[in-house]
Amino acid sequence: DAKTTQPPSMDCAEGRAANLPCNHSTISGNEYVYWYRQIHSQGPQYIIHGLKNNETNEMASLIITEDRKSSTLILPHATLRDTAVYYCIVRVYNQGGKLIFGQGTELSVKP
Amino acid sequence: DTEVTQTPKHLVMGMTNKKSLKCEQHMGHRAMYWYKQKAKKPPELMFVYSYEKLSINESVPSRFSPECPNSSLLNLHLHALQPEDSALYLCASSLSTGPYEQYFGPGTRLTVT
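Basis of the calculations
- Think of each chain on its own: its residues are numbered from 1, step by step along the sequence as written.
- By the order in which they are written, chains take letters starting at A while ligands take numbers starting at 1.
- Local features are withheld for residues below a pLDDT of 70 in this predicted model, meaning they are given only at 70 or higher, and side-chain atom pairs are given and counted only at 80 or more; totals for whole chains, interfaces and linings count all residues.
- Values reported for side chains reflect all heavy atoms of the structure, with hydrogen atoms and water molecules removed beforehand.
- Only runs of H or I of at least four residues qualify as helices and only runs of E of at least two qualify as strands under DSSP, and these elements are numbered from the N terminus.
- Using a 1.4 Å probe on the protein chains alone, a residue whose accessible area is under 20% of its type maximum counts as buried, one over 50% counts as exposed, and one in between counts as partly exposed.
- Whether two residues are in contact is decided by their heavy atoms, any of which lying within 4.5 Å being enough.
- For two strands to be treated as a pair, DSSP must find no fewer than two bridges joining them.
- Throughout, buried area stands for the accessible area (probe radius 1.4 Å) lost by two parts on being put together, summed over both.
- Note on definitions: salt bridges are taken to be side-chain nitrogens of Lys or Arg within 4 Å of carboxyl oxygens of Asp or Glu.

Some words on the overall build of chain B
Secondary structure summary: chain B contains zero helices and eleven strands in total. Counting helices and strands in the order they occur from the N terminus, chain B gives β-β-β-β-β-β-β-β-β-β-β. Taking the principal axes of the C-alpha coordinates as reference, chain B spans close to 35 × 25 × 20 Å. Going through the 113 residues of chain B one by one, you find that 50% of them count as buried.

Points about the environment of Thr113(B)
Residues and elements named next belong to chain B. By the secondary structure assignment, threonine 113 is in the segment after β11 (108–112). Its relative accessible area of 55% is what places threonine 113 among the exposed residues. Distance in space between the C-alpha atoms of threonine 113 and proline 83 is 5.9 Å, their sequence separation being 30 residues. Beyond its immediate stretch of four places on either side in the chain, threonine 113 contacts Val12, Met13, Gly14 and Met15.

Observations regarding the pairing of strand β3 (residues 31–38) of chain A
Residues and elements named next belong to chain A. The buried fraction of β3 is high, at eight of eight residues. With burial as the criterion, each face of β3 is covered, one bearing Glu31, Val33, Trp35 and Arg37 and the other bearing Tyr32, Tyr34, Tyr36 and Gln38. Linking β3 back to strand β4 (residues 45–50) in an antiparallel pair, the connection comprises six residues, with serine 41 at a positive phi of about 65 degrees.

What to know about the sheet that holds strand β7 (residues 70–75) of chain A
Residues and elements named next belong to chain A. The four strands lie next to each other as β2-β7-β6-β5, forming an open sheet whose pairing is antiparallel. With one partner strand each, in any of the chains shown, β2 (18–23) and β5 (55–56) form the two edges of the open sheet. Examined bridge by bridge, β2 and β7 share six bridges and lie antiparallel to one another. Note that in β7 the partner of alanine 18 across the bridge is leucine 75.

Examining the interface of chain B and chain A
Taken residue by residue, the interface counts 20 residues in chain B and 20 residues in chain A. In total, about 1600 Å² of surface goes out of reach between chain B and chain A, with carbon and sulfur atoms giving 54% of it. Interface area lost by chain B to chain A is led by Pro42(B), Pro99(B) and Phe104(B), which between them contribute 33%. The interface formed by chain B and chain A contains one salt bridge. The partner of Lys98(A) in a salt bridge is Glu58(B), and the shortest N-O contact between them spans 3.4 Å.

Given below as structure tokens:
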């Protein structure tokens, strides 16, 4: 599996956009980029995933660079409830369901 | 219903005890997972069940014994654990083992004394 690199921590002001970067320079053509988050003392929560194209859902947007070596998760209007550890994961389509979590980015949304 | 439930929420057990963790989902998912998470660390995959059959065992010690009695239920039987096994045990499920999102339960916080 391709390795991901994320900053260990980030701050964001409430109401502003949170842009969380992820580097996956060794990603291969059949690997998807997934984002999950884990709010303190809860189980991880799926946010979004993509292969090549940018994706948007009700929670966030995922921007993947053209060379696919990096991506950015965007929370358009961060709230205090978005304070969590955000994990960027790359995985092959059919690797038996394995999710390999990296260290993640601890996002603190401040008033 | 997009919920994965886990019981108990907390468990304290001695090293000679036998206990079980339970996980349940009613989303019709055919893949279920156990993860272990130590404090301040990311979750680590332990086991994957696909259509009630064990498909992945990430070299987990035999003192952890998973069981999938039916498509909605996943158990983790614990025996002769060590204090270093104290962790948050997370269950998850997904439609299958394809590229589908995994839904996680809230976890069982296990303390081994």
